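A closer look at the structure
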Amino acid sequence: MKTAATSSMLINGYRIAYEQYGEGSPIWLLHGTPSYSYEWRKVIPALVQKGYKVYVHDLLGYGASERPLEADTSVAAQYTLFSQLLDELGMDRLHVAAHDLGGIVGVQLALEQPERVQSLTLLNMPSYDSWPSPTWKKIIEEQLEQVEQMPRADFDTMLKKQLPMAVYNKELMTGDTLDAYLEPHTGSLGKASFFSHQVAHYNAKYTESYGTDLPKLKVPVQILWGEEDEWQPLAYAKRLVQDIPHACLHVIPRAGHFVMEDEPGQCSDYIDRFCNEHP
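Throughout what follows, the structure given in this document is the object of discussion. (Residues numbered from 1 in each chain as written. Predicted model: local features only at pLDDT ≥ 70, side-chain atom pairs only at ≥ 80, totals over all residues. Heavy atoms only, no water.)

Considerations on the pairing of strand S4 (residues 52–57)
The element S4 is largely enclosed, with a buried count of six among its six residues. Side chains Tyr52, Val54 and Val56 project from S4 onto one buried face, and the interleaved Lys53, Tyr55 and His57 project onto a second face that is buried too. Two elements, strand S2 (residues 14–21) and S4, share four bridges in a ladder whose sense is antiparallel. Paired with glutamate 19 across the strands is valine 56, a residue of S4. Relative to S4, strand S3 (residues 25–30) is paired through five bridges, and the arrangement is parallel. Across the sheet, the residue bridging to leucine 29 is valine 56, located in S4. (Buried < 20%, exposed > 50% of the residue type's maximum accessible area, 1.4 Å probe, protein only. Helix = DSSP H or I, 4+ residues; strand = E, 2+ residues; numbered from the N terminus. Pairing = 2+ DSSP bridges.)

Some details on the packing of helix H4 (residues 134–148) against helix H7 (residues 187–198)
Remark: H4 packs on H7, axes separated minimally by 12 Å, with the N-to-C direction vectors making an angle of 140°. Comparing the axis directions of H4 and H7 gives the class oblique. Every pair of crossing elements has a handedness; the one defined by H4 and H7 is left-handed. Each of Trp136, Leu144, Val147 and Glu148 in H4 lies in contact with H7, whose residues at this interface are Lys191, Phe194 and Phe195. Looking at side-chain class alone, the contact of H4 with H7 contains five nonpolar, no polar and two charged residues. (Axes fitted to C-alpha atoms, helices over the stretch in contact; angles between N-to-C directions. Parallel < 35°, antiparallel > 145°, perpendicular 65-115°, else oblique. Left-handed = near helix turned anticlockwise from the far one by under 90°. Contact = heavy atoms within 4.5 Å. Nonpolar A, V, L, I, M, F, W, Y, C, P; charged D, E, K, R; others polar.)

Thoughts on the environment of glutamate 115
Checked against the element boundaries, glutamate 115 lands in the loop between helix H3 (101–112) and strand S6 (117–123). Put simply, glutamate 115 and valine 219 are 104 residues apart on the chain and 8.3 Å apart in space, counted from C-alpha to C-alpha. Those residues within four positions of glutamate 115 in sequence are excluded, and the remaining contacts are Asp92 and Arg93.

Side note on the sheet that holds strand S1 (residues 7–11)
Taken in spatial order, the eight strands make up an open sheet running S1-S2-S4-S3-S5-S6-S7-S8, and their pairing is mixed. Each edge of the open sheet is held by one strand with a lone partner, namely S1 and strand S8 (248–252). On average, each strand axis in the sheet is tilted by 25° relative to the strand beside it, whichever way the strands run. Lying on the sheet, helix H2 (residues 75–88) is in contact with S1, S2, S3, S4 and strand S5 (94–99); it crosses S1 at an angle near 110°.

A few points about the side chain of glutamine 162
Here glutamine 162 lies in helix H5 (residues 152–162). We classify glutamine 162 as buried; its relative accessible area is 10%. Polar side-chain contacts of glutamine 162 include one of 3.3 Å to the side chain of tryptophan 136. (Polar contact = N/O pair within 3.5 Å; in protein donor to acceptor, adjacent residues only side chain to side chain.)

A short note on the side chain of glutamate 39
Residue position: glutamate 39 is located in the loop between S3 and helix H1 (44–49). Leave out the neighbours within four places in its chain, and glutamate 39 touches Leu30, His31, Gly32, His99, Tyr181, Phe258, Met260 and Glu261.

Looking at the pairing of S1
Examined bridge by bridge, S1 and S2 share five bridges and lie antiparallel to one another. In the sheet register, isoleucine 11 faces S2, and the bridge partner there is tyrosine 14. The antiparallel pairing of S1 with S2 creates a hairpin that spans two residues between the two strands, and asparagine 12 there sits at a positive phi of about 55°.

Here's what the structure looks like:
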């Protein structure tokens, strides 16, 4: 099985990398930041085996999708491109599981096109005032220009320190796995893309209205949260489940922000069970 989106489609003038696996009820897995569709590689086989047609794509500016530095890769732009991608593929109704930044995109789809969303699973997503995380908030407010201009080797070292924070079991974010997460940020474009397409949009303006927006959700929602998340604390999950009508929360022990890295089996089981409850 492939580990990243490798097919592509031209959406609004941009090449978007995507992939599909299996046959059955459609489910789309949305990735977060700093990441790409690779993060779902451990979950996809289990969902295929459970009878789903699984879709993933790399957001514009991420992974194997096009990364023009002038492109708008804000949450609003990512939602529009995702909606257009669904239109091109003729997907009128599907399940969505969405992590981190992808969770914000998934919420937007559910708010604006509820008829399209059979169920929505949200995993360790930014919400309210939680974006950027304290680590990135300090960098953006105090050191952003310095960090953007840092030598390539120092930039790599910074990412190698940041990424293990995303998992509870630090041994998981080493070797080939760590290299795979770093790969999109290598080369002449990688560093510039990281700051232009990702860090530039770490901003709570996309989530500060959640207190009034989330109660309007009309689709079935479940929340999965790694209990040991160092970037998005569990307290935010507990707030989300209070604001989203009829939502349920499952806290996964011994898992961090990249909950699908720490506990892929539990992720796939919870997603499958919830989808079956909302056919």
